[in-house]
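# Breakdown of the fold
Below, each chain spelled out in residue letters.
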Amino acid sequence: MKTIILRFRDLVTEAGGTITEHRRLLHGTGSVWWGWWARQTEKTPRGLFQELASTIRAESDVVAFLFNSGTNQFYSVRVSRILAAPEDQRITTPDPSKSPEYYHRAPCPAWFLLTSLEEIKFSDFTFYYDSFPTISNQDQTRIGNVIDRLIPSFGQEPLSALIDKPLSALTDQQIVSLDDLRNLGGVTLWAVRTEPEDGSA
Amino acid sequence: MILLNSELHERLKHSLAEAESTNNSDQWAKLLALNPMSDGLLALLDFGLDRPFFNNVVSTKDINSWFLRVREWRETAVLDASLSPSSLETASLVLFALWENVSSTTRKLLRDAKTHNPTLPDEGGVLMFLGGLSKCLVIGYRILSGSPDLSVEAVVNNPKSVFDFWEAADHVDPHRRNQLKRILGTGHKIVVHRGIIVPIDRNLDSQVFGPTIDTLVLAELLAQQVLEFAHQQYSYALEVGCGNGLLTAALAHHCDSLKELAAIDTNFGAVSRTTKNVLSSSDYLARQDPPTTYFICGPFNPSLLARKFDLVVCNPPYIPVVPGVKIYDRSRSDFYPAVGGTDLMRVVLEALPEILNRDGKLLIMTSSLSTDDFRRFLPSGFKAEAAVAGGIRVRFDVEAAIKDSTWLTFLETEKGLTREVDGTYSHVLHPFWVHRG
C-alpha cells in the first residue's frame, strides 16, 4: 500500500498537545483537519495527493501515518479528504470548527481530514521508502547530502552502499527505524509503502 | 463607478495578460499577495472577464454568482487533491488568488476589529466595497475560536445607497435572503474598503454618521491618488469632520510616509470612533515609525492646528438649509447637524491659505445642491478640479431632509434636487481636488 508519513513536533503546544487537541475535536465532531506544516523549501506533491485521493474515492479513506519527531511517537490515521493549495501557495484551515485554534492563522500547503487517530508502534508495520516527493530535485540529490547526522542504518550494508547515489536509490529499501526518518532528507512528508507485520493488507 | 489607471492597476492587468499568454498565474498571484489594497477585481473587470481565457471558469455575466458560490468552487475547482496538477486551469488559479486576497484581508481586518471592539458580535456581516466601487460584497462571518469563517451572501452592483442592499435581498435564494436581512437589520454596520475596516455599533456610536456612499467615494479617490502617484510623499495630513473615521483611517493606512496625522470633529463620539478605527489596525501599530496622531474634539480652528498640511480631506455637510434656519439650535436624532448646511465647507475653504502647504491639496465632497456655495467659498489663488468628471448621481436618502417638507421643497425648487419618476429624489455628488492655482 502506498501512503505517506507526516512529520510534526509540538512546537506551539505543550508536549503531547498537538495530538490532544486533534483528538478532542475528532471525538467531538467526528473528524478533524490536520495541517501539513511543511518546510519552506518543500514543494507540494500534488501528483502524489492525487493518487491518494483516488484511493479515497475508491475505498472511502486511506491509512496514513504521523510521526512526532520530538517524542518519537507514531500514529496511524484514516484520511477521508485531502485539500492541497496550488504550487507555492498556502491556505488556512478549511473549517475552523474542525481544527485546533493554534492553526487558525497559519496557512499550510495541504490539509488532511482525519476520521481516526491512534497511537501505534512503528514496528507494527514494515515500511519501505517510495520517494521524497517534496524535494524538487530528488533525482539529483545525493543521499549523503541529506543525512542530518550519522544514522546507524546507513553505516552498514545495504544502505551504506547507497550513500553516493541519488535519493531515488532508496526506493523499496526498508525504513529501519524512526531515527532514519528523523535524520534523513530534512523533510516533513515521506511517500512510503507499507505492509502490516501480521501480513494483513 | 470610478475606474482610473493607476500604476499598480496597470501592473496587475499586465500580469493578467501574461497569465493568459504563458499559462502561468504566479506573477499575478504574487502582486495580489504583496498588496492587499490592490483589489484585483478592479483589474480583472478592466482586463475583460469575457475573454476566452475565462470561458471555462466564469464570464462577465456570471461573476456575481461566482462570488456567491466561491467557497464550494474553491474546493472543487482548485483545492480538491483528486484534480491533477495539469488539469488546474490558469484562469481558475487567477480567480483563486483573487479570492485568497479578498478573504485573507477580510479575516485579518475582522480579527483586528474584534480585538479592539469587544461589542463586535461573533456573527454578523461585512459590507466590502471593492476597488472602483463597482461592487459591494455582503460577506457573512462567524468567528470560531478567534478565526472568522466567511461566506458571500450577496453581491451588489454599483452600490449607491442603502436601498440597493435591501433590493439585493430580492435576488438571492431564501436562505441568503434571511442572512442578508439579518446582516442589514443588525445594530452593527461594518464597512471594509481598500484594507480599512470601520465597525459602527449603532448602540454605542449613536452619534456617528455613515459611512455612506459619499465617504466611500472620497476613500476610493484617496486610495487611487496614493496608488496613482506613489512617488508623492505626504508628511502631514488632516481630516476635518472625521465622523466614522474611514477617511482618517485611510490616510493613516495608505500614506506610509506620514509624520503627523490630525482628525477633528465637534462630536466626541465621532472622535472616539475615529481613534479606535485608526489604532485598531495591527499593521499601523506595527509600523516602525508611526506618525504622531492627534484626535481633536472641537470646532475646526486653523490657528489651533498651527501647521500646514500636504493633504486635507473633508466630507462636510453639503445640503443647503432653508435660509434663516439655525442647524445647531435643533435637537434632532436624525444626524441633522451632520448633513445640513454648508458652514463647514465655507470654513474649510476659507482656511485653505492657512492650512495647505504650497503643493498641498484638499479633497472635498460637494453636491449639485451646493456647487454654487462651493464656488463662492473658494478663495482666490486656488483652483478646483473635478475628481470625477460629471460627478456621480446618487439617490437622495437623507432622512432629515425627506421628513422636512419645507426643506425638501426648498431643495427641489431652489437647489436642483431632482425628483425621479418613481417618486424618489436624486442629486449629483461632486468631489473636488483643490490646490493653489
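Residues numbered from 1 in each chain as written. Chains lettered and ligands numbered in written order. Predicted model: local features only at pLDDT ≥ 70, side-chain atom pairs only at ≥ 80, totals over all residues. Heavy atoms only, no water.

What follows concerns the side chain of B:Ser147. As for its placement among the helices and strands, B:Ser147 is situated in strand S3 (residues 147-157). Residue classification places B:Ser147 among the buried positions, given a relative accessible area of 3%. Other than its neighbours up to four places away in sequence, B:Ser147 contacts A:Pro96, A:His104, B:Arg107 and B:Arg142. (Helix = DSSP H or I, 4+ residues; strand = E, 2+ residues; numbered from the N terminus. Buried < 20%, exposed > 50% of the residue type's maximum accessible area, 1.4 Å probe, protein only. Contact = heavy atoms within 4.5 Å.)

For chain B, the mean per-residue pLDDT works out to 88, and 96% of the residues sit at or above 70. Here the predicted complex scores 0.89 on pTM and 0.88 on ipTM. (pLDDT = per-residue confidence, 0-100.)

This paragraph deals with the state of the cysteines. Disulfide: a covalent bond connecting the sulfur atoms of a pair of cysteines. Residues and elements named next belong to chain B. Tallying each qualifying case throughout the model produces zero disulfides over all chains. As a non-bridged cysteine, Cys-297 has Cys-242 as the owner of its nearest cysteine sulfur, 8.7 Å distant. Residue classification places Cys-297 among the partly exposed residues on the basis of a relative accessible area of 40%. (Disulfide = S-S within 2.5 Å.)

Often, the extent of an interface is quoted as the loss of accessible area upon association of its parts. Facing the 22 residues of chain A at the interface are 21 residues of chain B. When the two sides are added together, the surface that chain A and chain B hide from each other amounts to roughly 1,900 Å², 53% of it contributed by carbon and sulfur. The largest per-residue losses of area from chain A upon contact with chain B belong to A:Arg46, A:Gln50 and A:Pro96, which jointly make up 28% of the total buried on that side. Summed over the shared surface of chain A and chain B, the number is one salt bridge. Its salt-bridge partner being B:Glu75, residue A:Arg81 comes within 2.8 Å of it at the nearest N-O pair. Secondary structure elements with two or more residues in the side of chain A that touches chain B: helix H2 (46-59) and strand S4 (73-84) of chain A. (Buried area = accessible area lost by both parts, 1.4 Å probe. Salt bridge = Lys/Arg side-chain N within 4 Å of Asp/Glu carboxyl O.)

We now examine the packing of helix H5 (residues 70-79) of chain B against helix H6 (residues 90-116) of chain B. Residues and elements named next belong to chain B. Contact geometry of H5 with H6 gives a least axis separation of 11 Å together with a crossing angle of 135°. Considered as vectors, H5 and H6 are oriented oblique to each other. Here H5 runs over H6; the crossing is left-handed. Two secondary-structure elements touch here, H5 through Val-70, Trp-73, Arg-74, Val-78 and Leu-79 and H6 through Ser-92, Leu-93, Leu-95, Phe-96, Trp-99 and Glu-100. In terms of residue class, the contact of H5 with H6 is made up of eight nonpolar, one polar and two charged. (Axes fitted to C-alpha atoms, helices over the stretch in contact; angles between N-to-C directions. Parallel < 35°, antiparallel > 145°, perpendicular 65-115°, else oblique. Left-handed = near helix turned anticlockwise from the far one by under 90°. Nonpolar A, V, L, I, M, F, W, Y, C, P; charged D, E, K, R; others polar.)

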